[in-house]
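What follows is the residue order along each chain.
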Amino acid sequence: MRTLSSDRKYGLTSFATVLYCKYNRKMPLLFLPLCVVKEIYMLVIEHLTKTYPGGKVAVRDLSITVESGDLFGFIGENGAGKTTTIKAAVGILPFESGEITVHGNSVKKDPVACKKLIAYLPDNPDLYDALTGIQYLNFISDIFRVSKEDRSARIGKYAELLEMSTSLNTPISSYSHGMKQKLALISAFIHQPKLLVFDEPFVGLDPKAAFTLKAIMKEFCEQGNAIFFSTHVLEVAEKICNKIAIIKNGELIACGATDEVRGKQSLEEVFMELTEHE
Amino acid sequence: MSNFGILVKNNILVFWGSLKRRKKGRYAASGALMALLLLFVGFSLASQSVITTTALAAEGIPDLSIFMSLMSALTIGILFGLMRAANAPGSKDAELLLSLPVRRVTAVCSKVVTQYIFDSPLMLMIFAPTVISHYVLGGGNTGTLVRGLILTFLLPLIPIALSYLLGAVLAILQEKFKLTSIITTGILMVLLIGYMFVNFQSSSILSNVTGGGKAGALAMIEKFAPLSWLTHFVLDGGILPVIFSLLMLLVPFCLGIWLYASAFGKPKSGYRSSSRILAFAARSPRMALLDKEVKRYLSCSIYVFNTAFGPLILLIFAVIVVVLGPDKIIAGMGIPAAELGVVSKDLTFVILAGVFCLFPSMTSTTASSISLEGKQLWILKAHPVNTEDIFWSKYMLNILLLVPASVLASILIGIRVQMSPVQMAGFAAVIGLLGVLVSLIGLIANLLLPRFDWDNETSVVKQSMSVLMSMVFGFAAACIPFILYFVFLQKFGFSGFCVIGILVYGILGAGCYFFLRTVGKKLFEAL
């Protein structure tokens, strides 16, 4: 794996996260601010290993830390383990070893607390065809207990930005892939999550919507939140991400600040070099 | 091989592949089970044909066997057609096929022929044995045999035509109306209930005809106009019945294919609203889940079809009891004591409760509700929803369907048979609790045997193992209080039955609920 300066954080992160989780409520009040300020990361994946039935190891000993303000790109070839990692991180997929914490909460021990802080967007959002767009958004708002006023304001804002306002009363069954993607995106922002986990968010979006999404993502991270997303569009990752991780055959082969990962080359060249030679 | 042959072969391979996609271990078992089931059905139908023809030949009216068999074939065919129409027949691979150097007509014909290949075995099993046994046992001539066999191969056109025609109508509705799924379900329900009513009427006419000899049988056959054409097509081969029969079979079929072909590969355009007024209504997560569950339920015609019949028939049966009186119902069941007026009131109540318990025991929306989440399961898994709330929304839907119908039916029956208020409450409690128990059993069955690799909701709602398991266990659970009553508690009368029913269903229900909260929760999280 490529050695990068940000790797140094892992040891400290692991130790402090364990410490924080273990003594979350019992720690003397004096030490708590120190730990909170120093060690609560948005997403910490430590030594994650996931094996599917049949013995295929999808992800092996993978560790990633996403900090507040990070726009973290996760890239890799098809079948490299990106979706598996993402699904494990959002609590959809059980994993046998390793630990994943979201803002200090363990995905294994308290999945519901983690999910309250996350918004997840899958690569192919299959939504409830029986509902209209607004019914789906109301459903998600109800799950997150978003007040009537807040949901109205947030849905209005993002529907306008993604040009979905006129389609929300229409059944989802008649939506195109891009419209479903946009609806899932709106639903992701309804409860003001701290961490967005997106799997290929730009697939199916028209150029205008993709441009808008990039702007929304940047703004979201500037507000102190974080985004962890997978993509095959290396130009986008290179342009908007401050951190990048590259995965190959379930193992992390590079991870760190975008500038450090690519060096003087383009991200595409680095990716090709790493995936062909490692 | 021609393009047509390649496409038909591919369609069959796709079907085969969809069976194979299931877990490897189960594949061989399910294949063997399917083969056994086909053999069993084939053997049963053939035996029934031989027995019926022999009996009717002894009465001097073997020709009636052809008529009866045609009626069965049509019943099954129409049911198949209706069910398939509910899924708005279309081809997911239409765009792919049209992008290939294959003529449109070839692609469409390959689909129709594949459907024919799948439909014909059942028709063959229903009608061919009767034609052969009529020839062998009923003194039929060679002409009857040949015409009968020709008709056997024409009968599968009926379900195909019906599904294409009705499917085209429903597709038009989908473009025009927002609540299409509910309209579709309503139309299909009305058609099915109407058809069941007509079929019930015909069966009752049929049961009275055997005493009238050949003349009576022929007179009765003439009453069923379209069916009589087909019967005469086989028996006499007269020019008019042949023309009418062919017109009846081929015209709707050709029209159906024409409609199917004209829609083949065209993008489906659903209803689009132009309203920009958005309704925001905040509810608790539980109510939001239940609302979603209800909308999901109503959006799937085949789901409603399969599960709304229990409560519906429960109410219809209650009305029948109110109109005819309990004595006629009990006499109709072949309990001779009822005719003599010696059936005690308590026994009447227990028998009625037994009949009414049959309906909830076989109706469970929960048995397929987890599987129906399909590719949308990620929504429940990725959001902060308590598993208990998900379970609650699923069994509550079934309870909402069953319990009000059970209570209403109990009140109707109670008033008609002059139950005391306590007896009426006991009657309602037994049936209502069974409804709750069946809901929980269905959910457990689906958690143990989920199926997410479906392309078509029908395969989940009608053909999944969890539905079958839920029906078997629901029926078994329904029987327990009756067995206990007739073995140990008869001296306590109807009150004894109510107490044991409430106790048994209550304890079993509590056990199932505990199972769901512990093991069930883990099973769901592991999905």
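Per-chain numbering applies: the sequence of each chain, read as written, is numbered from 1 onward. Starting at A for chains and at 1 for ligands, labels are handed out in the order in which the entities are written. Restriction of local features to residues with pLDDT of at least 70 applies here, the model being predicted, together with a cutoff of 80 or more for giving and counting side-chain atom pairs; totals for whole chains, interfaces and linings are based on all residues. Based on all heavy atoms of the structure, the side-chain values leave hydrogens and waters out of the count.

(A) Local environment of the sheet that holds strand β4 (residues 97-102) of chain A. Residues and elements named next belong to chain A. Reading across the sheet, the four strands line up as β2-β1-β4-β5 and stay open at both edges, with antiparallel pairing between neighbours. Whereas interior strands pair on both sides, the edge strands pair on one side only; in this sheet they are β2 (57-66) and β5 (105-106). The pairing of β4 with β5 spans two bridges and is classified as antiparallel. Within β5, the position partnered with Thr101 by the bridge is Ser106. Strand pairing is assigned whenever DSSP identifies at least 2 bridges connecting the two strands. Under the scheme used here, helices are H or I runs from DSSP no shorter than 4 residues and strands are E runs no shorter than 2 residues, and both carry numbers assigned from the N terminus.

(B) Structural detail: the environment of Ser470 of chain B. All names here are of chain B. As for its placement among the helices and strands, Ser470 is situated in helix α23 (residues 465-489). For Ser470, a relative accessible area of 2% corresponds to the buried category. Distance in space between the C-alpha atoms of Ser470 and Asn446 is 8.2 Å, their sequence separation being 24 residues. Between two residues, a contact is recorded if the distance between any of their heavy atoms is within 4.5 Å. Each residue touching Ser470, except ones within four places of it in the same chain, is listed here: Ser361, Ser364, Ala367, Ile441, Gly442 and Ala445. Buried means the residue's accessible area, taken with a 1.4 Å probe over protein chains only, is under 20% of the maximum for its type, while exposed means over 50%, and partly exposed covers the values in between.

(C) Here's a closer look at the confidence of the model for chain B. Looking at chain B, pLDDT values average 80 and 85% of them are 70 or higher. Overall fold confidence (pTM) sits at 0.72, and the ipTM for the predicted complex is 0.72. pLDDT: the predictor's confidence for each residue, scored from 0 to 100.

(D) Here's a closer look at the interface of chain A and chain B. The partner chain B presents 35 residues to the 37 residues of chain A that form the contact. By convention, the term buried area covers the 1.4 Å-probe accessible surface removed from two parts as they join, with the contributions of both added. Across the interface of chain A and chain B, roughly 3,500 Å² is buried in total on both sides, 63% from carbon and sulfur atoms. Three residues, Tyr128, Ile143 and Asn169 of chain A, lead the burial of chain A against chain B; their summed loss comes to 19% of the area buried on that side. Between Lys or Arg on one side and Asp or Glu on the other, a salt bridge is scored when a side-chain nitrogen of the former is within 4 Å of a carboxyl oxygen of the latter. Across the chain A-chain B interface, the total number found is one salt bridge. For Arg283 of chain B, the salt bridge is made with Asp142 of chain A, and the minimal N-O distance between the two is 2.5 Å. Polar contact criterion, stated in full: a pair of N or O atoms within 3.5 Å, where within protein one must be able to donate a hydrogen and the other to accept it, and residues adjacent in sequence count only if both atoms are side-chain atoms. Connecting chain A to chain B are four residue pairs in polar contact (both at pLDDT 80 or more). Looking at the side of chain A that touches chain B, the elements that each hand over two or more residues are α4 (111-117), α5 (133-143) and α6 (148-161) of chain A. Of all the elements, α5 of chain A adds the most residues to the side of chain A that touches chain B, at eight residues. Residues are sorted three ways: Asp, Glu, Lys and Arg are charged, Ala, Val, Leu, Ile, Met, Phe, Trp, Tyr, Cys and Pro are nonpolar, and all the rest, Gly among them, are polar. Of the residues contributing to the side of chain A that touches chain B, the split by class is 19 nonpolar, 10 polar and eight charged.

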